[in-house]
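# Examination of the molecular architecture
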Amino acid sequence: MSKLLETAAGNVAFVLSFLAVIVCIFLVAFGLEKLAQKKTGVVEKVFSTRKMAVIGMFSALSAVLMLFEIPLFFAPPFYKLDFSELPILVGTFAFGPAAGVMMEFIKILLKLVMKGTSTAFVGELANFAVGCSLILPASVIYSFKKNKKTAIVACVIGTLVITVFGTAFNAVYLLPAFAKLFHMPVDALIAMGTEANSLVKEGSIVSFVVACVAPLNLIKGTAVSVVTLLVYKPLSPILKGTSNKKKDK
């Protein structure tokens, strides 16, 4: 814990920027959720006691899932697959976009407490931003019309967004940030991709993210979406405490 605080103190500017990003995304999610409530005529608190309890539980589950990473044969060792977005997407469908962003944030905090950071918070920012690129568009679409067809459309769009955004984000920000952090050229990271995947061309960051990053995010988004679509309907009344009331279609 002390090492984590020392790292945060040494990267004050970055940590403050990280927090600013979180606040901005939360405000966007909150505004879109209130707009959806106005359109659908739903009147409910964005954060009730029950919601906060489930948010805490699902955030903890997500943080634990984040620790179990699966290596991928088509990507270098520093890219691994985890399914930490699964409980968050389920919880976001139940309680809205603002709850989803909060769960992503709490997940990162819990992960930092349990495991610390080996990337001076760069990896944590990336995980938060890429996670939000799946759960935010999916939950916003679902918030405006809660039925099975919309849920499928929402998951498809969320998967496409995480694939495109995650790929572009790696090329524009994450890979250069890691190269700077570890005092190595970006070409050295690309070379690691070339060793793992023959589709990665030497010195080409575009081929790297297309061949290594895009499939990872596509697999993650698809897997999380499929499981969410299978389990959300039976879990919804339990999460909302509406077992004897009208359920989502």
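Residue numbers run consecutively from 1 along every chain, following the written order of its sequence. Reporting in this predicted model follows two pLDDT cut-offs: at least 70 for local features of residues, and 80 or more for side-chain atom pairs to be given and counted; totals over whole chains, interfaces and linings ignore these cut-offs and use all residues. The basis for the side-chain values is all heavy atoms of the structure; hydrogens and waters are excluded.

### Considering the overall build of the protein
Note the following rule: Secondary structure elements follow DSSP: runs of H or I of four or more residues count as helices, runs of E of two or more count as strands, with numbering from the N terminus. C-alpha atoms define the radius of gyration, and 2.2 Å times the number of residues to the power 0.38 defines the globule rule. For every residue, the accessible area (1.4 Å probe, protein chains only) is compared with the maximum for its type, and the residue is labelled buried under 20%, exposed over 50%, or partly exposed between those bounds. Residue contacts are counted whenever heavy atoms from the two residues lie within 4.5 Å of one another. Each accessible area is a Shrake-Rupley result for a 1.4 Å probe, and residues are judged covered by the shown protein chains and nothing else. Note that His is not counted, nor are the chain ends; the positive residues are Lys and Arg, and the negative ones are Asp and Glu. By convention, the charge on Lys lies at NZ, on Arg at CZ, on Asp at CG and on Glu at CD.
When helices and strands are tallied, the protein shows nine helices and two strands. Of the regular secondary structure in the protein, the N- to C-terminal order runs α-α-α-β-β-α-α-α-α-α-α. The globule rule puts the C-alpha radius of gyration for 249 residues at 18 Å, and the 19 Å found for the protein is close to it. Within the protein, buried positions represent 47% of all 249 residues. By sequence separation, contacts in the protein at least 24 residues apart represent 71% of the contacts at least 6 residues apart. In the form shown here, the protein has an accessible surface area of approximately 12,500 Å², with 72% of it arising from carbon and sulfur atoms. With 24 positive and 12 negative side-chain charges, the protein shows a spacing of 16 Å between the two charge centroids.

### Let's talk about the nonpolar core
Nonpolar side chains tend toward joint burial in soluble globular proteins. We apply this condition: Here, nonpolar core refers to any group of buried Ala, Val, Leu, Ile, Met, Phe, Trp, Tyr and Cys residues whose side-chain atoms link them within 4.5 Å.
Among the nonpolar cores identified, the biggest contains 46 residues, and Y79, L89, F93, F208 and L239 are the most heavily contacted of them. Breaking this core down by element, the ones donating at least two residues are α3 (49-66), α4 (85-95), α5 (97-115), α6 (122-144), α7 (148-181), α8 (186-196) and α9 (205-240). Ranked by residue count, the leading element in this core is α7, at ten residues. Here L239 is in contact with R50, V54, F58, V90, A94 and F95, once residues within four sequence places are set aside. Counting residues in each nonpolar core, the second largest holds 14 residues, with I25, L125, C132 and L136 among its members.

### Thoughts on helix α2 (residues 12-40)
Test applied: Helix span, as expected, comes to 1.5 Å for every residue beyond the first.
Over its 29 residues, α2 extends 42 Å from the first C-alpha to the last, a length consistent with the 42 Å expected when each residue adds 1.5 Å. Taken as a whole, α2 has its buried residues at F18, I22, I25, A29, E33, A36 and Q37. Close packing links the buried residues of α2 with α3, α4, α5 and α6. At the exit of α2 stands G41, carrying a positive phi of roughly 75°.

### Some thoughts on the confidence of the model for the protein
Note the cut-off: Confidence scores per residue from the predictor, reported as pLDDT, run from 0 to 100.
Of all residues in the protein, 92% attain a pLDDT of 70 or more, and the chain-wide mean is 87. Taking the mean pLDDT of every element in the protein, the minimum, 62, falls on helix α1 (residues 2-10) and the maximum, 94, on α4.

### Overview of a nonpolar patch on the surface
Note the cut-off: The patches reported here contain residues having more than 30% relative accessible area and no salt bridge. Joining distances are 9 Å for like charges and 5 Å for nonpolar side chains (Val, Leu, Ile, Met, Phe, Trp, Tyr). Here, a salt bridge means any side-chain nitrogen of Lys or Arg that lies within 4 Å of a carboxyl oxygen of Asp or Glu.
Taken together, the side chains of V64, L67, F68, L110 and M114 make up a nonpolar region of the molecular surface, amounting to roughly 430 Å² of accessible area. Mapped onto the secondary structure, L110 falls in helix α5.

### What about the environment of I141?
With respect to the helices and strands, I141 occurs in helix α6. The exposure class of I141 is partly exposed, given its relative accessible area of 25%. Between the C-alpha atoms of I141 and P97, which are 44 residues apart in sequence, the distance is 9.6 Å.

### Looking at the state of the cysteines
Selection rule: Any cysteine sulfur atom paired with another within 2.5 Å is treated as part of a disulfide.
Using the criterion set out here, one finds zero disulfides in the structure. Considering cysteine sulfurs only, C132 is the nearest to C24, which forms no disulfide, with 12 Å between them. Of the residues examined, C24 reaches a relative accessible area of 48% and is grouped as partly exposed. With no disulfide of its own, C155 has C132 as its nearest cysteine by sulfur position, at a separation of 16 Å. Note on C155: relative accessible area 3%, which makes it buried.

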